[in-house]
Every structure is written in C-alpha cells, then in structure tokens.
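Chains, contacts and geometry: an overview
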Amino acid sequence: MPERSADKTGCRSEGMPPPQRRGDEAMPRVTAHPRRSVGAPPPAALPSDGAQDALEVINSEVVACTACPRLVAWREKVARDKRASFAGETYWGRPVPSFGDPAATLLIVGLAPAAHGGNRTGRIFTGDRSGDWLFGSLYRCGWVNQPTSVHRHDGLRLMGVYVAAGVRCAPPANKPTLEERDTCLPYLARELQALERLRVVVALGGFAWGGFLRAHELAGGARPRPKPRFGHLAEVDLGRYTLVGSYHPSQQNTFTGKLTEGMLDAVFLRAHALAAESRNRA
Ligand code: SF4
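Residues numbered from 1 in each chain as written. Predicted model: local features only at pLDDT ≥ 70, side-chain atom pairs only at ≥ 80, totals over all residues.

Moving on, we get to the overall build of the protein chain. A tally of helices and strands in the protein chain yields eight helices and eight strands. The buried share of the protein chain, taken over its 282 residues, is 49%. Restricting the contact set of the protein chain to residue pairs at least 6 apart, pairs at least 24 apart contribute 70%. (Helix = DSSP H or I, 4+ residues; strand = E, 2+ residues; numbered from the N terminus. Buried ≥ 20, exposed ≤ 12 C-beta atoms within 10 Å, placed from the backbone. Contact = placed C-beta atoms within 7 Å.)

So, in structure tokens, the structure goes:
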C-alpha cells in the first residue's frame, strides 16, 4: 500500500492504491472481509457470513423490485431516452442496490439514485457530481481507497462503510413521494439489522434523516422523543449507533456554498471519532 499523508484536519491528501478491477457482476456487491485503510482501524472481528449473505439477499430483491409504478416508469424512461452525453451507454434503469463493507461501522444514507448517475451506472452515488463530492470527502477522511466513483468496476473499495439510499429508484425531479419512501424503507430496515458492527449513520439531507428514523423503528429501534431535528452535524444517540446529519452534497448545496468540502469532511471525521468512542466503550 502506498504512503499516505494527512493534513491538519486528519484528512488524507494524497496517495492512492492502484484500482482493483473486478469481474463483470450483475450488480454492485458487498465486499467479503475487506481490508481497511488509513483512519479506519480494523474491526475486532470479521462480520459473520450471515451478515454478508443477508445483505446479498436484500440486494437481489431490490434489483427486481417493481413496487412503485411511477418510479418504475420513470427509471425505465430515463434509461431509454438517455442524456445526449451518455447516448452510447447502456443505462442500468433498475433499482440501485446498496454497496460496501459488510463489517461497516459507518452507514451513509442518501435520498435516491440520480437519473443519470446511479440509474445509469447501477451503483449509488456513482457517475454524478454528488458522488464526486461524497467520495472525495470519504477519501480525504480515510474511508475509501480512491477519491472518485465513476462506474461499477472502477476499483472503489469501501473500508468500514456501507452506502444506501432511502429510495432505490430514481424519482422524477429527484423527489420521491412519502408513500414511495415508505414502500422502500423496509429494505433499509433489513440492512440495519444485517450490519452487525454499525456504530454511526450519516443521513445526507433532511429527507434521508426522516426516512432513516422511520427505518430505525421498522428495525425494532425505539422512537426518540422529542423528534430529532435535522441539521448539519446534528447528532442523535440511538443506542447501537449515533445518527449524524449532513447537508446533501447536491449541486444546489455545493454551488451555493451551503455545503463546503470542509463541512463535509467534518462529518466524516466526526464519524471516525464516534466509531472510536463506541469501540472504547465496548
Ligand atoms: S423505490 Fe424501492 S420499493 Fe419502490 S420500486 Fe424502487 S426499489 Fe421497489
């Protein structure tokens, strides 16, 4: 593994292992017993095979899901019509499964796949500007092995991180309905149950925050009172894990300066600190 350096914030600034190319999978896979890297200490134990199996089963169900007629029609229309700059590509055009490390201590929950990002590439936060921001920050803070997320076989490796969305099909105007969200949330609830080592959840935006709290209840967690309010770096101790809020790295937020790279890095550095605190308590 190459040398890596860290800046004053503790975020990694350079050094990148060569990409590892995987075979042609039908969909993004969870990674069995992954190696870890800078800033992400090794787990005390590997996840059980049951965790990995459960996550694989959930993903296989997700990619075949047709429960939301409006979203099915939209994801397929976008895949047929395509954006001109991607006219030569075959779009995924299906529900976009979660991916990452079955031994994750950190779960990131987004809103939904982007029409020409995840809905094109088949991997969440892959092939769009939000993904550039997200994985750039995760790389600087030592959670992933490379700063870019371009396509399903680009060698990206998540180390202690699992990435999911509250809604797994691209919605028109990036706006799923609450009914669509609630139809999809059982997948997230099952992932919560499967991720045995989870200690921190980062919700990207208020929609993901609210959705995650509902999924937490569906997974058997207690409803926090009063209802926690979303905010950047807001925190809620939910027992087994802590929920942390972050502004979504959408272009609306990054272009306007509502979310800066430093603000996003602060979220993932905080996630490291919370995971370490949890380990020290155990
Ligand atoms: S949004 Fe979720 S529940 Fe609805 S069709 Fe897509 S995968 Fe199924």
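Contact geometry of helix α1 (residues 49-63) with helix α5 (residues 178-194) gives a least axis separation of 9 Å together with a crossing angle of 170°. Considering their axes alone, α1 and α5 lie roughly antiparallel with respect to each other. For the pair formed by α1 and α5, the contact residues are Ala51, Ala54, Leu55, Ile58 and Val62 on the first element and Tyr187, Arg190, Glu191 and Ala194 on the second. Among the residues making up the contact of α1 with α5, the classes are represented as seven nonpolar, no polar and two charged. (Axes fitted to C-alpha atoms, helices over the stretch in contact; angles between N-to-C directions. Parallel < 35°, antiparallel > 145°, perpendicular 65-115°, else oblique. Nonpolar A, V, L, I, M, F, W, Y, C, P; charged D, E, K, R; others polar.)

To continue, consider the environment of Leu188. Inspection of the secondary structure puts Leu188 in helix α5. Taking the C-alpha atoms as reference points, Leu188 and Leu218, 30 residues apart in sequence, are found 9.0 Å from one another. Those residues in contact with Leu188 that lie beyond four places of it in its chain are Val109, Ala164, Gly166 and Ala215.

Leu106, Leu107, Val109, Val161, Val201 and Val202 are the most contacted members of the largest nonpolar core, which has 74 residues in total. With near-sequence residues (within four places) excluded, Val161 lies in contact with Gly100, Asp101, Ala104, Leu106, Ile108, Leu138, Trp143 and Val144. (Core = buried A, V, L, I, M, F, W, Y, C linked by C-beta atoms within 7 Å.)

What follows concerns the site of the ligand. The environment of the ligand is made up of 14 residues, and the closest members are Cys65, Cys68, Pro95, Cys169 and Cys184. Elements represented by at least two residues in the shell around the ligand include exactly α2 (69-81) and α5. Element by element, the count of residues in the shell around the ligand is highest for α5, at three residues. (Near = placed C-beta within 6 Å.)

A cis amide bond links Arg225 with the next residue in sequence, Pro226, at an omega value of -5°. Looking at the element boundaries, Pro226 is found in the loop between α6 (206-218) and β7 (235-237). In this structure, Phe125 is a non-glycine residue whose phi angle is positive, near 55°. Structurally, Phe125 is set in the loop between α3 (118-121) and α4 (129-140). Residue classification places Phe125 among the buried positions, given that 27 C-beta atoms sit within 10 Å. Located in the positive-phi region is Leu233, a residue other than glycine, with phi close to 70°.

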